[in-house]
Each structure stands twice: as C-alpha cells, then as structure tokens.
Amino acid sequence: MGMSFEKINVNRDIRHWLHTIEQGYRYTAGPIGTKFLEGLKAGKLLAGKCPVCGKLLIPPKAFCQYDFAEIKELVEIAPVGIVRTYTVLYEDSYGNKLPKPVVIGFIEFPGGVTGGLVHYIINVEPGNVRVGLKVRPVFRPENERRGGSITDIAGFEPV
Ligand SMILES: [Zn+2]
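Keep in mind it's a predicted model, so treat the numbers as computed, not measured.

A.B. asks: Hey, could you go over helix α1 (residues 30-41) for me, with residue numbers and the actual values?
C.D. replies: Under the 1.5 Å per step criterion, the end-to-end length of α1 is 16 Å for 12 residues, consistent within 8% with the ideal 16 Å. All buried positions along α1 are accounted for by G30, I32, G33, F36, L37, G39 and L40. For α1, the arc enclosing every buried residue in end-on projection is 150 degrees, short of the 170-degree limit, so these residues lie on one face. Set apart from the buried face of α1 by more than 90 degrees, the exposed residues are P31 and E38. Contacts from the buried residues of α1 go to β1 (46-49), β2 (56-58), β3 (73-76), β7 (117-121), β8 (134-139) and β9 (153-158).

A.B. asks: An account of the coordination of the zinc ion is needed here, citing residue identities and associated values.
C.D. replies: Geometry sets the ideal angles at a metal, namely 109.5 degrees for four tetrahedral donors and 90 or 180 degrees for six octahedral donors. Bound to the zinc ion are the protein donor atoms C50 (SG), C53 (SG), C64 (SG), D67 (OD) and D67 (OD), situated 2.2 to 2.7 Å from the metal. Between consecutive donor residues of the zinc ion, the sequence gaps follow C-x2-C-x10-C-x2-D. In this pair, C50 sits in the loop between β1 and β2 while D67 sits in the loop between β2 and β3, placing the two residues 17 residues apart along the sequence.

A.B. asks: Can you break down the sheet that holds β1 residue by residue, with the values?
C.D. replies: The strand order across the open sheet built from 4 strands is β3-β1-β2-β6, with neighbouring strands paired in mixed fashion. The outermost strands of the open sheet, each flanked by one partner alone, are β3 and β6 (113-115). Mean inter-strand twist for the sheet, computed between neighbouring axes without regard to direction, equals 40 degrees. Relative to β6, β2 runs parallel, the two sharing 3 bridges. For I58, the partnering residue across the bridge sits in β6 and is G115.

Cut-off values and rules
Residues numbered from 1 in each chain as written. Predicted model: local features only at pLDDT ≥ 70, side-chain atom pairs only at ≥ 80, totals over all residues. Heavy atoms only, no water. Helix = DSSP H or I, 4+ residues; strand = E, 2+ residues; numbered from the N terminus. Expected span 1.5 Å × (residues − 1). Buried < 20%, exposed > 50% of the residue type's maximum accessible area, 1.4 Å probe, protein only. Arc of directions from axis to C-beta. Contact = heavy atoms within 4.5 Å. Donors = N, O, S within 2.8 Å, 3.2 Å for Na, K, Ca; no water. Pairing = 2+ DSSP bridges. Axes fitted to C-alpha atoms, helices over the stretch in contact; angles between N-to-C directions.

Rendered as structure tokens:
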C-alpha cells in the first residue's frame, strides 16, 4: 500500500472540520481548570503550583508535567507577560477579509512560570507588536465576564 501526497497551495482546499467537531459535546475544565477560570472572573491570573518541584504552571494542569505530582494549589501571578511569538491575521477562517487585522500572540510570564497563554494582542498597531513586548491582561468589565471562559480577558495590551 503506497502513500500519496498532493501539493495543496490554497489553505481552503485542505479537508478539515470547521466549527462542527465539538458540536453537541461539553468538556469539563476539571477542578483545577475550573479554579483557573474562576480566577479570571475575579480578574486574577492563577498558576498551578506543583507540591513537589514547586514549579508554577500556566494554564494550570491537574498533574505536573515534570514529576506527575497532583496539583491542587493555585497561586496568583503578576499580571505582566512577555510576547514570545505572534501572528497577524487578515482573514477569518472562511477566507473573508477582517475589518481590521487581528494579532494573536503567545504570552509567557516571567518569574519562573512554565507555559503561557495564547491570546489577542490589543490596543496596539500590528506593526508595533514585537517579540519581547511587555503586556498585561485587559479583563472585561465585571458584568461582561462569563466566568468560565478565557475570553473574560479581552486581550493583552502593551504595558
Ligand atoms: Zn513538579
């Protein structure tokens, strides 16, 4: 049995699921993920703290990725991050031009925090976003927070 590969030049030609694969399913965030989301509702960034190695993990996971110890404790971290990589989107996933470009970044948190968050970079011209940019979370107004969503943060803006 042989394998064949077709060269695909247009992203839209790739066979994929679009907004349908999770229909009808709900995933639990788990006890730790739920506390993380509750923290967002309270306007706090919480990291999991491993009871064995002491590492801080964001987003928090049920088990430490280094020693598999169960993580039960969450600690608030300073709401200042660093953009480690980013991309600028000009089209939505259907290929429609966006009214204005959207920047998505991977944000790390200094002070020995492992992991990071992927989120919008806002309140800055896309051309002014760079790797190393210091950013802080912009929480939605309290009455707009859904409590259970990473979108309780509207995005990260330059400090
Ligand atoms: Zn650990």
